[in-house]
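# Examination of the molecular architecture
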Amino acid sequence: MLLIGLLAGTLAGVIDLAVDWMTDLKEGVCLSAFWYSHEQCCWTSNETTFEDRDKCPLWQKWSELLLSQSEGASAYILNYLMYILWALLFAFLAVSLVRVFAPYACGSGIPEIKTILSGFIIRGYLGKWTLLIKTVTLVLVVSSGLSLGKEGPLVHVACCCGNFFSSLFSKYSKNEGKRREVLSAAAAAGVSVAFGAPIGGVLFSLEEVSYYFPLKTLWRSFFAALVAAFTLRSINPFGNSRLVLFYVEYHTPWYMAELFPFILLGVFGGLWGTLFTRCNIAWCRRRKTTRLGRYPVLEVIAVTAVTAIVAYPNPYTRQSTSELISELFNDCGALESSQLCDYINDPNMTRPVDDIPDRPAGVGVYTAMWQLALALIFKIVITIFTFGMKIPSGLFIPSMAVGAMAGRMVGIGVEQLAYHHHDWIIFRNWCRPGADCVTPGLYAMVGAAACLGGVTRMTVSLVVIMFELTGGLEYIVPLMAAAVTSKWVADAFGKEGIYEAHIHLNGYPFLDVKDEFTHRTLATDVMRPRRGEPPLSVLTQDSMTVEDVETLIKETDYNGFPVLVSRDSERLIGFAQRRELILAIKNARQRQEGIVSNSIMYFTEEPPELPANSPHPLKLRRILNLSPFTVTDHTPMETVVDIFRKLGLRQCLVTRSGRLLGIITKKDVLRHMAQMANQDPESIMFN
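For the chain, an unreviewed UniProt entry supplies the name Chloride channel protein and the organism Mus musculus. Per UniProt, the chain has the following entry under Sequence similarities (unreviewed entry): "Belongs to the chloride channel (TC 2.A.49) family."

Below, the structure written as C-alpha cells:
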C-alpha cells in the first residue's frame, strides 16, 4: 500500500506539472527557461506589477517572439494558428502512442476496472506498457485542450501501479481475491490524488468501483489514499500548498430560500447526465458499427481541430478546464481581476476586504455571462463526441465544468435579483442593502456536483469529494440536496450511469450489484448442457492420455474443465484451469523424461496401475482445484446470482448427490437475466 501510494502520488504530481507547462506552451514560451509555465516564469520576474500580474517580459506570446507584435490582427491570427497547431500535435502524438504501443490505454478505464474487480480478467489491461503510455498520453491529451479530464484515467494509472506491485509479491500474484483487494485500494489512491480528496477516494472505491469491500480493504484504501495525498502535497504541483487547483473559501452562509435554486441545479444535472449518457452511447455505438471506427487517428485529429478552432476566441474555453472551474468557483474579493468580478463599486464603501456587499453587475459581468452561455453550449456538444475516443479521456472535469458554468450563471442571476429586489418577501429576511448575501461561486460548486452526480450516479462519495475539494464544510446540505435530486431525476430516465452504459456497450460480463433478480427460476433452468446439446467436456482422474487432453484443449475454447472419477460414475473431483493445463503439459514435455503423447495423466495422489512397458505417467494434482464452487440443480437462481456477485465467480458447477450435471458461467447468468428482462440475450455479450 505504501509503494502504491508513493508511486500514484508521484505520477499525479508529474502529470499536473507537465500539463501546466504544455497547456501554456500553446500560447507562448518562457525566455529564461523554456520548461517554466507562464505562472512560474513570472514568479521570478521583478518587473511584474499587481495590475498586470500575468504579464512579464520573460514570458512572450508566439506573436511577440516571431513578429515582435503583441496586439493587432496579424498577432491574433498567428497566436490562433500556433494554438491550433500545438493542440493538433499533442493529440496526434497521444493517439499514435496509444494505437501503436498500448491500445488499452484509451478511455477512462473505470468501466474496465469495475469489470476486473467483479472477477473478470482482461489480460494486459493493467500492464506496465499501459501504465507508461497512459501516463504520457494523459499529459498530451489534457494539454491539447480537448474536453476531457485526467481524474478518471488517474484511477486506471493507480490500479496499474497496484497490479505492478502485486506481481512482485507471491501472496498477491497467486491469489486473485487478494489482488482484487489491492486494486480496490489502488482505485482509492487514484481518486485521492486526482481530486486531493483522500476520504472521498476511499468512498468512491466503495460506492462506485469495488464489488467486494471488506473492512481490511477499507483501512488499506485509507492508508494508500493518505500516502498518495501526502506524496502529492510534498510535490506541491500547483504552488498553492493545496492538493487541488480549485480550493476556495466562502465567507457567507447559505439561506433556506436558496435551496430552491440548488434543487433546480440538481434537476439540470440529472437532465444533463441523461442527455449525455444517451447521446454518447449512441455515438459510440455508431463508431463501433460503421466505418468511422476504422479511423481513430483521423477522428481524434478532427475533434481536436474543431475544439481548438471554436475554443480559442472564447476566453472561457481557451483556458484549461481546471482553471475555468477554479475561476467559476472563486468568490469575488477585492483583489480579483476576473471579468466575472467586474461589479460597479460604491465609492462610499468602507468595509473589511473579505465582506464585500452585493453590488450591481458591470459591463464585464454581462460580457462574461453571454461568453459563459456560448461556452456551456459548446462544452455540452463537444464532450459527447470526445469521451470514448481512442485516447485517455476522463469525464469528471468536463461534467463539473458544465455544471459550474450553469451554476455560476444562475448564481449571478439570483445575486442581481436579490440586489435589485431586496424588498421582495423571499429576500427581505436575509438580503439587506449593503449586505453580502449571495455567493455565485457556491452555485457553481453545487452545479458542478449536480452534473457530475447526474453522469456517474454517485452520491455519498461525490459530496465528500466536493467538500474536500473546496473546503466548503458548511455547504454539505446544498451539495447533498443537489446530488440526490440529480440522481433521482437521472434515475427516472434510466438506472444506468455512464460507466455501466459503457460496460454494456463493450459487452463485458459484469453483474451489477444494484440490479435486483426476483424471478423464480432454478439452477437447472440455466445450466448447460441443455437438452439436445452435446455433453459437457470433462477430464477423468486417471484414464486420459496427454494427447487426449491436448486434443480436447485444441477443439474447445473453455476456460477450464471439471475432473470426474470416471465417465461412468460422473462423481466430481475438482476443476482444472485451461491455462494451467497447457503450461503443465508444456513444462512436463520439456523437463521430465519419458513424457510422451500416450502418457497417462492422473489427478490422484497415487499413480494408476499401468502395464510394465507403458510410458511415464504425468501427475497434475497440484493444478487441480479440489474445492470448485458447486450448487445443486434445485438452488434458486436468485441465490446463484448473489453468489456470482459476492464472490466474483466466473463459473459454478451444478451437481446432484455428488454427480456432475452441468455448469453455469457468468455469461450464462447474464444471458438468463437478459432473457428474463425480455432483451435479446446475445445482444449483451462480449464484443
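### Quick notes on the overall build of the chain
Per the secondary structure count, the chain includes 27 helices and twelve strands. In terms of overall dimensions, the chain has a C-alpha envelope of 110 × 60 × 45 Å along the principal axes. Burial status across the chain gives 54% buried among its 687 residues. When contacts within the chain are restricted to residue pairs at least 6 apart in sequence, long-range pairs at least 24 apart make up 71% of them. For the chain, the accessible area works out to roughly 31,200 Å², and carbon and sulfur atoms hold 59% of it. One finds the centroid of the 61 positive side-chain charges in the chain at a distance of 9 Å from the centroid of its 61 negative side-chain charges.

### Examining the environment of Leu610
Secondary-structure assignment places Leu610 in the loop between β7 (600-602) and β8 (618-619). Look at Leu610 and you get partly exposed, because its relative accessible area is 32%. Sequence separation between Leu610 and Ile600 is ten residues; the distance between their C-alpha atoms is 8.9 Å. Those residues within four positions of Leu610 in sequence are excluded, and the remaining contacts are Ile600, Pro615 and Pro617.

### A word on the sheet that holds strand β10 (residues 630-632)
In space, the three strands of this open sheet follow the order β10-β11-β12, with mixed pairing throughout. Each of the sheet's edge strands pairs with one partner strand only, and the pair in question is β10 and β12 (659-665). When strand polarity is set aside, the average angle formed by the axes of neighbouring strands in this sheet is 35°. Docked against the sheet, helix α26 (residues 637-647) engages β10, β11 (651-656) and β12, running at close to 65° with respect to β12.

### Thoughts on unusual backbone geometry
Residue Pro529 follows Arg528 across a cis peptide bond; omega there is 5°. Inspection of the secondary structure puts Pro529 in the loop between α23 (523-526) and β3 (539-540). The backbone phi angle of Asn236 is positive, close to 50°, even though this residue is not glycine. In this fold, Asn236 is placed in the loop between α11 (215-235) and α12 (259-289). A positive phi angle, close to 55°, is found at Ser657, a residue other than glycine. Owing to a relative accessible area of 64%, Ser657 belongs among the exposed residues under this scheme.

### Things to note about a nonpolar patch on the surface
A grouping of Leu2, Leu3, Leu6, Leu168, Phe169, Ile199, Trp219, Phe222, Phe223 and Leu226 is seen on the molecular surface, where their side chains present a nonpolar patch of about 980 Å² in accessible area. Elements supplying a minimum of two residues to the nonpolar patch: α1 (2-25) and α11. The element contributing the most residues to the nonpolar patch is α11, with four residues. Along the polypeptide, Phe169 turns up in the loop between α7 (151-166) and α8 (170-173).

### Some points on the packing of aromatic side chains
The full count for this structure, using the stated rule, is 18 aromatic pairs. A ring pair is formed by Trp35 and Tyr36, whose centres lie 6.3 Å apart and whose planes are at 80°; its orientation type is edge-to-face. Taking relative accessible area as the criterion, Tyr36 reaches 29% and is therefore assigned partly exposed. The interplanar angle of 40° and the centroid separation of 5.6 Å between the aromatic rings of Trp86 and Phe90 together place this pair among those described as tilted. One end of the pair, Trp86, and the other, Phe90, are both in helix α4 (residues 73-101), four residues apart, so they sit about a helical turn from each other. In this structure, Arg318 packs its charged tip against the face of Tyr312, placed 4.1 Å from the ring centre.

### Notes on the domain arrangement of the chain
The domain architecture assigned to the chain consists of domain 1 (2-235), domain 2 (256-289 + 327-334 + 374-506) and domain 3 (523-683). The straight-line distance from the C-alpha centre of domain 1 to that of domain 3 is 43 Å. With eight residues of domain 1 at the contact, the number on the domain 3 side is eight residues. Interface area, domain 1 with domain 3, both sides summed: about 620 Å², of which 40% is carbon and sulfur. Taken as a group, Gly119, Arg123 and Tyr211 account for 49% of the area that domain 1 buries against domain 3, more than any other trio of residues on that side. On the surface where domain 1 and domain 3 come into contact, there are zero salt bridges. Linking domain 1 with domain 3 are two residue pairs in polar contact (both at pLDDT 80 or more). Taken together, the residues that form the side of domain 1 that touches domain 3 break down as three nonpolar, two polar and three charged.

What counts as what
- Numbers given for residues are sequential positions, taken from 1 along each chain in its written order.
- Since the coordinates come from a predicted model, pLDDT governs what is reported: local features require at least 70, and pairs of side-chain atoms require 80 or more to be given and counted, while whole-chain, interface and lining totals use all residues.
- Each side-chain value is derived from all of the structure's non-hydrogen atoms; neither hydrogens nor water enter the calculation.
- UniProt positions are given in the numbering used here, feature names are shortened, and annotations may be inferred rather than shown by experiment.
- In this text, helices come from DSSP runs of H or I with a minimum length of four residues, and strands from runs of E with a minimum of two, each type numbered from the N-terminal end.
- Exposed residues in this analysis have more than 50% of their type's maximum accessible area, buried residues have under 20%, and partly exposed residues fall in between, with area computed by a 1.4 Å probe over protein chains only.
- Contacts were defined at the residue level, with two residues in contact if any of their heavy atoms lie within 4.5 Å.
- The protein chains shown are the only cover counted for residues, whose accessible areas, like all others here, come from Shrake-Rupley with a 1.4 Å probe.
- Positive charge is attributed to Lys and Arg, negative charge to Asp and Glu, and no charge count is given to His or to the chain ends.
- Charge placement uses NZ in Lys and CZ in Arg. For Asp and Glu, CG and CD serve respectively.
- For two strands to be treated as a pair, DSSP must find at least two bridges joining them.
- Axis angles are defined between N-to-C directions and span 0 to 180 degrees, where every axis is a line fitted to C-alpha atoms and, for a helix, only to the segment in contact.
- Residues enter a patch when their relative accessible area is above 30% and they make no salt bridge; the linking distance is 9 Å between like charges and 5 Å between nonpolar side chains (Val, Leu, Ile, Met, Phe, Trp, Tyr).
- Counted as salt bridges are all cases of a side-chain nitrogen of Lys or Arg within 4 Å of a carboxyl oxygen of Asp or Glu.
- Here is the rule: rings of Phe, Tyr and Trp (six-membered ring for Trp) pair when centre to centre is within 6.5 Å. Planes less than 30 degrees apart are stacked, more than 60 are edge-to-face, and the remainder are tilted.
- Sitting over a ring, as applied to charges here, requires NZ of Lys or CZ of Arg to be within 6 Å of the ring centre and within 35 degrees of the ring normal.
- Here the bounds of each domain stem from an automatic or database domain assignment.
- Note: buried area is the sum, over both parts, of the accessible area (probe 1.4 Å) each one loses when the two are combined.
- For the purposes of these results, a polar contact is taken to be a pair of N or O atoms within 3.5 Å, where, inside protein, one atom must be able to donate a hydrogen and its partner to accept one; residues adjacent in sequence count only when each atom of the pair is a side-chain atom.
- Amino acids are sorted into nonpolar (Ala, Val, Leu, Ile, Met, Phe, Trp, Tyr, Cys and Pro), charged (Asp, Glu, Lys and Arg) and polar (every other residue, Gly among them).

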